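Listed below are the residues making up each chain.
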Amino acid sequence: MKKIYCINKDGAVSETVGYIILFGIMTAGIALVTLYGYPLLLQEQANANIRNMERNMIVLQSDVNALVYKSVPYKETTMQVSGGVLSVEKPVDITDPQNVEKSFRIEIPGALPETDFSPGGLKFLSENGDISILLQSGAIVKYQSGGSVMISEPRWFIDSVAGKNTLVIPLIEVNSSKNLAKSGIGTVQMSVEPLNMFDGGTTNFKDFSSSPPYTVTVRPPLEYQKAWENFFRDSLGMTNNPPGSTSWERTGVDRVVIKAWRINVINL
């Protein structure tokens with residue numbers, strides 16, 4: 001008589017099902033991290049790089065101010081450039097009509113004819129090309145998503161003493177004798193010299209006070225127009241005239257002081 005043995009296979013089935021469930025949970029977890037977590041980590045790293053470059057630009061602005069206002073002949077700063085490229089944006093040729101909107105235009109009717117000034121700058125462009133930060137004529141401006149904002153203001157100011165208004169406009173050009181761009185750790189080396197842009201290239205200084213009051217009109221560069229317009233309106237009390245145009249004016253000015261410098265970027 002044969003004996004029949006029954007083997008209970010439920011234990012093996014349960015172990016297999018449990019393994020499949022655990023493997024599925026692990027796979028789903030990895031997929032979720034890859035789909036949502038990794039892009040968030042990359043975005044957070046990109047944001048950290050932008051914040052770091054904003055701080056770096058403020059340091060460079062401090063260096064430029066030391067060169068221009070404290071008669072320091074040379075400055076250098078070592079910094080880490082991550083998530084993009086720092087480069088020298090050279091001034092454009094203001095005699096070319098295509099470059100008109102890329103420069104400042106200053107006019108004082110009856111005293112100073114329309115005068116174009118191309119500031120150039122030190123520019124950081126993110127690796128995706130969607131954010132740029134520019135040290136431009138003493139200001140730090142940021143461009144993103146079709147708009148611009150001023151991170152740190154220049155030293156343009158209106159001073160009212162004894163009922164008289166004095167408008168001070170420092171113009172700072174950034175230039176270099178060669179094409180410079182840097183990513184990673186680099187040292188920004190800069191020197192300063194007068195920028196003789198007035199009276200046929202003989203002086204860098206103009207002081208208007210003999211026939212007040214003056215009306216001063218300024219038109220900012222187009223790319224960072226909104227940032228400069230907010231500064232003109234909120235800090236200098238200028239008005240948009242004619243309304244809807246790109247020109248801003250300040251009336252009733254008793255004295256206007258304009259001085260120009262050139263920052264030479266030696267190396268990055």
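Residues numbered from 1 in each chain as written. Predicted model: local features only at pLDDT ≥ 70, side-chain atom pairs only at ≥ 80, totals over all residues. Heavy atoms only, no water.

## Focus on the overall build of the protein
Point 1. Helix and strand content of the protein: two helices and 15 strands.
Point 2. Split into buried and exposed, the 268 residues of the protein put 40% on the buried side.
Point 3. For the protein, long-range pairs separated by at least 24 residues make up 72% of all intrachain contacts whose partners lie at least 6 apart in sequence.
Point 4. Working note: accessible area of the protein is about 14,900 Å², and carbon and sulfur atoms make up 55% of it. (Helix = DSSP H or I, 4+ residues; strand = E, 2+ residues; numbered from the N terminus. Buried < 20%, exposed > 50% of the residue type's maximum accessible area, 1.4 Å probe, protein only. Contact = heavy atoms within 4.5 Å. Areas by Shrake-Rupley, 256 points an atom, 1.4 Å probe, with all protein chains shown as cover.)

## Quick word on the sheet that holds strand β14 (residues 248-253)
Point 1. Overall, antiparallel pairing links the five strands, which are arranged β3-β2-β12-β14-β13 in an open sheet. Looking at strand neighbours, the two that pair on one side only are β3 (112-117) and β13 (239-240), the edges of this open sheet.
Point 2. Pairing of strand β12 (residues 214-219) with β14 involves four bridges; the strand directions are antiparallel. Its bridge partner being in β14, V216 is matched across the sheet by R250.
Point 3. Running at roughly 25 degrees to β14, helix α2 (residues 225-236) makes contact with β2 (104-108), β12 and β14 of the sheet. (Pairing = 2+ DSSP bridges. Axes fitted to C-alpha atoms, helices over the stretch in contact; angles between N-to-C directions.)

## Looking at unusual backbone geometry
Point 1. Cis geometry is found at the peptide bond from P212 to P213, where omega equals 0 degrees.
Point 2. Mapping P213 onto the fold places it in the loop between β11 (205-208) and β12.
Point 3. In the segment running from N241 into P242, the intervening peptide bond is cis, with an omega of -5 degrees.
Point 4. For P242, the position within the fold is in the loop between β13 and β14.
Point 5. The residue D199 is not glycine, and still its phi comes out positive at about 50 degrees.
Point 6. Of note, D199 is situated in the loop between β10 (181-194) and β11.

## Looking at the confidence of the model for the protein
Fine structural detail should not be taken from predicted coordinates in areas where pLDDT scores are low.
Point 1. Residue-level pLDDT values for the protein average 87, and 88% of them are 70 or greater.
Point 2. Per-element mean pLDDT across the protein ranges from 77 in helix α1 (residues 10-69) up to 96 in strand β15 (residues 255-267). (pLDDT = per-residue confidence, 0-100.)

## A look at the nonpolar core
Point 1. Counting 31 residues, the largest nonpolar core has W156, W228, F232 and I258 as its most contacted members.
Point 2. Broken down by secondary-structure element, the contributors of at least two residues to this core are β2, β3, β6 (139-144), β9 (164-175), β12, α2, β14 and β15.
Point 3. Per-element accounting of this core gives the leading share, five residues, to α2.
Point 4. For F232, the contacting residues outside a window of four places in its chain are W156, V218, P220, G237, M238 and W248.
Point 5. Ranked by size, the runner-up nonpolar core spans 26 residues in total, among them M57, V88, I133 and I263. (Core = buried A, V, L, I, M, F, W, Y, C linked by side-chain atoms within 4.5 Å.)

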